[in-house]
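# Observations on the three-dimensional arrangement
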Amino acid sequence: AFESISEIPPDPILNLSTLYKADDFEKKVDLGVGAYRDGEGKPWILPVVSKAENIVINRPGRNHEYLPVGGFKEFTTGAARIAFGEDSEVLNNGLVYSIQSISGTGSLSLGGMFLSRFYNSKNIFISKPTWVNHHDVFSAHGFEIGQYAYWDPIKKSLDFDGFVKSIREAPEGSVFVLHACAHNPTGVDPSKEQWAILADEIAKKKHFPFFDMAYQGYATGDLDNDAYAVRLFASRGFELLLAQSFAKNMGLYGERTGCLHILTNNKDATRRAGKQTEKCSRATVSTCPRYGAEIAGTILSSPELFDEWKQTLKQMSGRVLEMRHALRDRLVKLGTPGNWDHIVNQIGMFSFTGISYPNVQILVKKYHIYLADNGRISVAGLNHNNIDYVANSIHEVIST
Ligand code: LMR
């Protein structure tokens, strides 16, 4: 039945982890997947997550029963609060329906399925460039994918005029997928002033915003700051979807812990949309895994653990920032051709280095430094033990 099936290339991000693990070179470096690493380059279980795990495991009457289709309430309620804010009007007015989902990708896909059934446009616009999976997730739900201008490769910064032009030129009522903060892969976000203009332009064309928030806490180290764009749009009266992941900010990658929030301007429409989305979820995953949601829900609902988590976010984002400076300073000191300030100006977990595709191939094959084909590095993969090796290798490759 499948003789004529076509070959596909390996996943451009996840395959880097496979190659890295199979490599036995002593100084190999993993700058591929967006996953936090500690100062020794190791995956890290947040201490606050360990504490919450203990509470969850020892909870009297604990069992492995199914969660409701909507998910673990303590988790979805807490998730909505950190996204929309403690005093959020839209939450207090019952305009948001929150459904647990399978981390970021599952939330995007669930939102895509809901929109494909109930929204009146099949045009969806994603940033150019964006996280590779956006293409596959939305085309799987029958969307016509367009790209909006985002990155200026010459200035290595946001192409704001291009972004506005794309919004104006898109067919009215298109879905716009917006990175809430810490844009993947560029590490460049609009400023507050720019978000206000983007909101005006999106409103004028009656586009529908679909926020992807995978890195809350990593852009500025502060959950409230990082939710700025989402809260701005919510306060402006937009109807929107928000896909929220706890993979990076709680380090719950493999536990697939996420939430989809549906905001409409009518309480009853919100409830009906939520129920329809639950039906989509039931048809695809039935009910979500409970372990990660119980951990996250425990952290979000305990003032003490929540405070500790916020401190840990500062620590993680602070270490990434320190590594940005370490890399930039070394490249400058070595006299590596080009300007490297963008490494410290970009935010979040990634730096879009501008290293060309052929040079990426040399770094991977000759130096065993694993980074994405588009020149994106996960700065969290850098540490004091490998920073000199990485800087020297980039220098050698670019200077020759
Ligand atoms: C990334 O961009 O590296 C992460 O979002 C992990 C993934 O699933 O691609």
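Residues numbered from 1 in each chain as written. Predicted model: local features only at pLDDT ≥ 70, side-chain atom pairs only at ≥ 80, totals over all residues. Heavy atoms only, no water.

## With respect to the overall build of the protein chain
The helix and strand inventory of the protein chain stands at 16 helices and 13 strands. The C-alpha atoms of the protein chain give 21 Å as radius of gyration, which agrees with the globular expectation for 400 residues (21 Å, within 12%). In terms of overall dimensions, the protein chain has C-alpha extents of about 65 × 55 × 55 Å along its principal axes. Considering only contacts within the protein chain whose residues lie at least 6 apart along the sequence, 75% involve residues at least 24 apart. For the protein chain, the accessible area works out to roughly 18000 Å², and carbon and sulfur atoms hold 52% of it. Of the charged side chains in the protein chain, 42 are positive and 44 negative; the average position of the first set lies 3 Å away from that of the second. (Helix = DSSP H or I, 4+ residues; strand = E, 2+ residues; numbered from the N terminus. Rg over C-alpha atoms; globule rule 2.2 N^0.38 Å. Contact = heavy atoms within 4.5 Å. Areas by Shrake-Rupley, 256 points an atom, 1.4 Å probe, with all protein chains shown as cover. Lys, Arg positive; Asp, Glu negative; His and termini not counted. Charge placed at Lys NZ, Arg CZ, Asp CG, Glu CD.)

## Re the pairing of strand β4 (residues 144-149)
Direction of pairing for strand β3 (residues 123-128) relative to β4: parallel, over a ladder of six bridges. Residue N123 lies in a different strand from β4, and its bridge partner there is E144. Each parallel crossover has a hand, and the one from β3 via helix α6 (residues 133-139) to β4 is right-handed. (Pairing = 2+ DSSP bridges. Right-handed = clockwise from strand over helix to strand, strands pointing away.)

## Notes on the pairing of strand β7 (residues 175-179)
Across the five residues of β7, five count as buried, placing the element largely inside the fold. Burial of β7 is two-sided: the residues V175, V177 and H179 facing one way and the residues F176 and L178 facing the other way are all buried. Bridge count for β3 against β7 is two bridges, and the pairing is parallel. Bridging across to β7, I124 finds its partner in V175. Pairing of β7 with strand β8 (residues 208-213), which is carried by five bridges, proceeds in the parallel orientation. The residue of β8 that forms the bridge with L178 is F211. Each parallel crossover has a hand, and for β7 linked through helix α8 (residues 192-204) to β8 it is right-handed. (Buried < 20%, exposed > 50% of the residue type's maximum accessible area, 1.4 Å probe, protein only.)

## Observations regarding the sheet that holds β3
A sheet is described by the order of its strands in space; here seven strands give the open sequence β2-β10-β9-β8-β7-β3-β4, paired in mixed fashion. Since the sheet does not close on itself, it has two edges, and those belong to β2 (96-102) and β4, each with one partner. Neighbour-to-neighbour, the strand axes of the sheet open up by a mean angle of 25°, direction not taken into account. Pairing of strand β9 (residues 240-245) with strand β10 (residues 257-263) involves six bridges; the strand directions are antiparallel. (Axes fitted to C-alpha atoms, helices over the stretch in contact; angles between N-to-C directions.)

## Focus: the site of the ligand
Close to the ligand lie I13, V33, G34, W131, N184, Y215, K248 and R376, which account for all nearby residues. At 2.9 Å, a side-chain N or O of N184 approaches an oxygen atom of the ligand. The separation between an oxygen atom of the ligand and a polar side-chain atom of R376 is 2.8 Å. Here the ligand has 260 Å² of accessible area as a free molecule, and 84% of this is covered by the chains. (Near = heavy atom within 4 Å. Polar contact = N/O pair within 3.5 Å; in protein donor to acceptor, adjacent residues only side chain to side chain.)

Don't take any of this as a statement about function, it's just geometry.
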